[in-house]
Amino acid sequence: MPQTPPKPFEQDKNGAYLTDGLSESQFVKVFAEITRQQRKNRTHAKRTLPPQKLKRKSVEDLVKIGKKEDGTSFTIEDLKRFEKMRKQFRKRTNGDKGISYAELVANARSIDIKRANGSSNDGLGLSSGNLIKMERGNVVIFRVKASTKSKHENHRVKLRLEDWEEELENAEPTEEGYQAAVKRAARGRYSIECDCGKHQYWYRYMATVGGYQLGQPREMAYPKVRNPNLEGTACKHVLKAVQLLQSAVPRRYLGKQMDIQARKNGFTDSGAGATKTWRGEDQKELSKNRSLKISDAQVSQAKHEYARYNKRREGLQRQLRDVTGDEAAKLRKQLKRAKKSTETLNKKIGKLKQEREQNIKRAIGKQAQAAVNLAMKLGVDRSKAISAYASQSGLSEAAVKKALDNAN
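Conventions and cut-offs
Residues numbered from 1 in each chain as written. Predicted model: local features only at pLDDT ≥ 70, side-chain atom pairs only at ≥ 80, totals over all residues. Heavy atoms only, no water. Helix = DSSP H or I, 4+ residues; strand = E, 2+ residues; numbered from the N terminus. Buried < 20%, exposed > 50% of the residue type's maximum accessible area, 1.4 Å probe, protein only. Contact = heavy atoms within 4.5 Å. Areas by Shrake-Rupley, 256 points an atom, 1.4 Å probe, with all protein chains shown as cover. Phe/Tyr/Trp six-rings, centres within 6.5 Å; stacked < 30°, edge-to-face > 60°. Lys NZ or Arg CZ within 6 Å of the ring centre and 35° of its normal. Pairing = 2+ DSSP bridges. Core = buried A, V, L, I, M, F, W, Y, C linked by side-chain atoms within 4.5 Å. Salt bridge = Lys/Arg side-chain N within 4 Å of Asp/Glu carboxyl O. Arc of directions from axis to C-beta. Disulfide = S-S within 2.5 Å.

### Here's the deal with the overall build of the protein chain
Phase 1: Broken down by element type, the protein chain carries 16 helices and six strands.
Phase 2: Across the 408 residues of the protein chain, 43% fall into the buried class.
Phase 3: Restricting the contact set of the protein chain to residue pairs at least 6 apart, pairs at least 24 apart contribute 65%.
Phase 4: Here the protein chain displays about 23,300 Å² of accessible surface, and carbon together with sulfur accounts for 50% of that area.

### Quick word on the packing of aromatic side chains
Phase 1: All told, the structure shown has six aromatic pairs when counted by the stated rule.
Phase 2: Ring centres of phenylalanine 82 and tyrosine 222 lie 4.5 Å apart, and the angle between their planes is 20°; on these two criteria the pair is classed as stacked. Of this pair, phenylalanine 82 sits in helix H4 (residues 76-91) while tyrosine 222 sits in the loop between helix H9 (197-209) and helix H10 (236-244); the two residues are 140 residues apart in sequence, bridging distant segments of the chain. Tyrosine 222 shares its class with phenylalanine 82; the two are buried.
Phase 3: Here a set of aromatic residues connected by ring pairs shows up, and it is made of Phe82, Tyr205 and Tyr222.
Phase 4: Above the ring of tryptophan 202, the side-chain terminus of lysine 198 is found at 4.1 Å from the ring centroid.

### Overview of the environment of lysine 366
Phase 1: Within the fold, lysine 366 resides in helix H14 (residues 325-377).
Phase 2: Judged by its relative accessible area of 44%, lysine 366 is partly exposed.
Phase 3: Separated by 40 residues in the primary sequence, lysine 366 and asparagine 406 place their C-alpha atoms 8.0 Å from one another.

### So, the pairing of strand S4 (residues 154-161)
Phase 1: Within S4, eight of the eight residues are buried, leaving the element largely enclosed by the surrounding structure.
Phase 2: Because side chains alternate across S4, one face comprises the buried residues Asn154, Arg156, Lys158 and Arg160, and the other comprises His155, Val157, Leu159 and Leu161, equally buried.
Phase 3: The pairing of S4 with strand S5 (residues 189-194) spans five bridges and is antiparallel. Along S5, the bridge assignment pairs lysine 158 with glutamate 193.

### What to know about the nonpolar core
Phase 1: Residues Val140, Phe142, Leu159, Tyr190, Val238, Leu245 and Leu254 are the most contacted members of the largest nonpolar core, which totals 65 residues.
Phase 2: Looking at which element gives the most residues to this core, the answer is H9, with six residues.
Phase 3: Residue contacts for leucine 245: discarding those within four places in its chain leaves Val140, Phe142, Leu159, Leu161, Ala186, Tyr190, Pro250, Arg251 and Leu254.

### A short note on the pattern of salt bridges
Phase 1: All chains considered together, the criterion is met by 17 salt bridges.
Phase 2: Among the ionic pairs, lysine 80 bridges to glutamate 77, the shortest N-O distance being 3.6 Å. In this pair, lysine 80 and glutamate 77 both sit in helix H4, three residues apart, roughly one turn of the helix.
Phase 3: Two residues, aspartate 122 and arginine 115, come together in a salt bridge whose shortest N-O distance is 2.8 Å.

### Topic: helix H16 (residues 397-407)
Phase 1: If you check which residues of H16 are buried, you get Val400, Ala403, Leu404 and Ala407. All buried residues of H16 lie within an arc of 100° about the axis, which places them on one face of the element. Away from its buried face, by an angle of more than 90 degrees, H16 presents the exposed residues Ala398, Lys402 and Asp405.

### Quick notes on unusual backbone geometry
Phase 1: The phi angle at arginine 136 is positive, at roughly 55°, despite the residue not being glycine.
Phase 2: When you line up the elements, arginine 136 lands in the loop between strand S2 (129-135) and strand S3 (139-145).
Phase 3: Not every positive phi belongs to a glycine, and leucine 230 is a case in point at roughly 50°.
Phase 4: Among the structural elements, leucine 230 can be located in the loop between H9 and H10.
Phase 5: Note on leucine 230: relative accessible area 11%, which makes it buried.

### Concerning H10
Phase 1: Of all nine residues that make up H10, nine are buried, and the element is covered over most of its length.
Phase 2: When we look at burial in H10, the residues that qualify are Lys236, His237, Val238, Leu239, Lys240, Ala241, Val242, Gln243 and Leu244.

### Here we look at the pairing of S3
Phase 1: Burial runs high along S3: six of the seven residues are buried.
Phase 2: As defined by bridge partners, S2 adjoins S3 across six bridges and the pair is classed as antiparallel. Following the sheet pairing, glutamate 135 is matched in S3 by valine 139.
Phase 3: Between the end of S2 and the start of S3, which pair antiparallel, lie three residues, with arginine 136 showing a positive phi angle near 55°.
Phase 4: Note: S3 against S4, seven bridges, orientation antiparallel. Of the residues in S4, the one forming a bridge with valine 139 is arginine 160.

### A few points about the environment of isoleucine 141
Phase 1: Tracing the sequence through the fold places isoleucine 141 in strand S3.
Phase 2: Relative accessible area serves as the criterion here: at 1%, isoleucine 141 is assigned to the buried category.
Phase 3: For isoleucine 141 and lysine 158, which are 17 residues apart along the polypeptide, the C-alpha to C-alpha distance reads 4.6 Å.
Phase 4: Beyond its immediate sequence surroundings of up to four residues, isoleucine 141 is in contact with Asn130, Leu131, Ile132, Lys133, Glu135, Arg156, Val157 and Lys158.

### Brief notes about the state of the cysteines
Phase 1: Tallied over the full model, the rule gives zero disulfides.
Phase 2: Cysteine 196 supplies the cysteine sulfur nearest to cysteine 235, a cysteine that is in no disulfide, at a spacing of 3.7 Å.
Phase 3: Since its relative accessible area comes to 0%, cysteine 235 is described here as buried.

Note that all results are geometric; they support no functional claim without further evidence.
Structure representation (structure tokens):
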């Protein structure tokens, strides 16, 4: 049985979590529980079409995977078509990580865009969404209000800005420079995750195969019933969140985080600047964001940008096909040597970063140790000395104790 989360994470009679009114921290926690339950439930799924059955294409497997949405049986030809579409979709990015804003909007289903804009006539439109948290340095979390017809109250969208670190490196070290860098990152590539059923049954497979699924669970069973033609790119909640990042208010908050990360001596995906939850007055400010809709002009521009990207990619592929056998072999050797050299360099960089992080922790620990020892020499009890230093430094007592351990 699924573990019952602690209060105040209550559920209605249908098992849907009541998420209205939760604080930002509570919201994140309850959706961590929802994700855990979804992963567990998914392991017991039946009649799925995993890679082995898709490739094997046996009559026995056809019987086991059930019926189409219209009630008819799947055929070998269906499986061949699914396999062909899978290969085409995987090739579309040429190995790039994430999905660009241009592709996300250009190839989205029009009904998903209308619902994200709240302009559909089916009661499934969205009204609002808010940026609530940044974690791991380049992952942002949104609270998106569910439609009036949904059994849920809210959905959680997670987006990883894949171009964040590159933009951070190249940004001008000013407030305006970081704002501009965040704007470029928001127009760049994303990895996505949403807890909704549309993402789970329509788009998670596409995101996994296409290289833009954010973390786990990663879906490898073809969406044979809900999305057999691999249409669209993302659910309405993701489209809403991505569009919110195209406006100035959330970008201003993220620009401050990028500024903090750019000043850090340690890692950008941990410590100061890597994690931030916006509450209270910040949420009031974030709720003033007005760029909620994906306009027809933006869709047209996205299609134009994506078409230009495809044209450039096809040109590169033609150039590669024109290379002679000897030249191709030479290029492959060069690429192999470059890859090996890069891997070696990355290992060295990782080791240096780890050593630097340890040195920083050790230095902080020695500073805490000196302060606590001095207080103890003056007759203060150790626990009180730790408490006093925690108050003075703005750290928790647990953090001070951990720092003291790092000093040894």
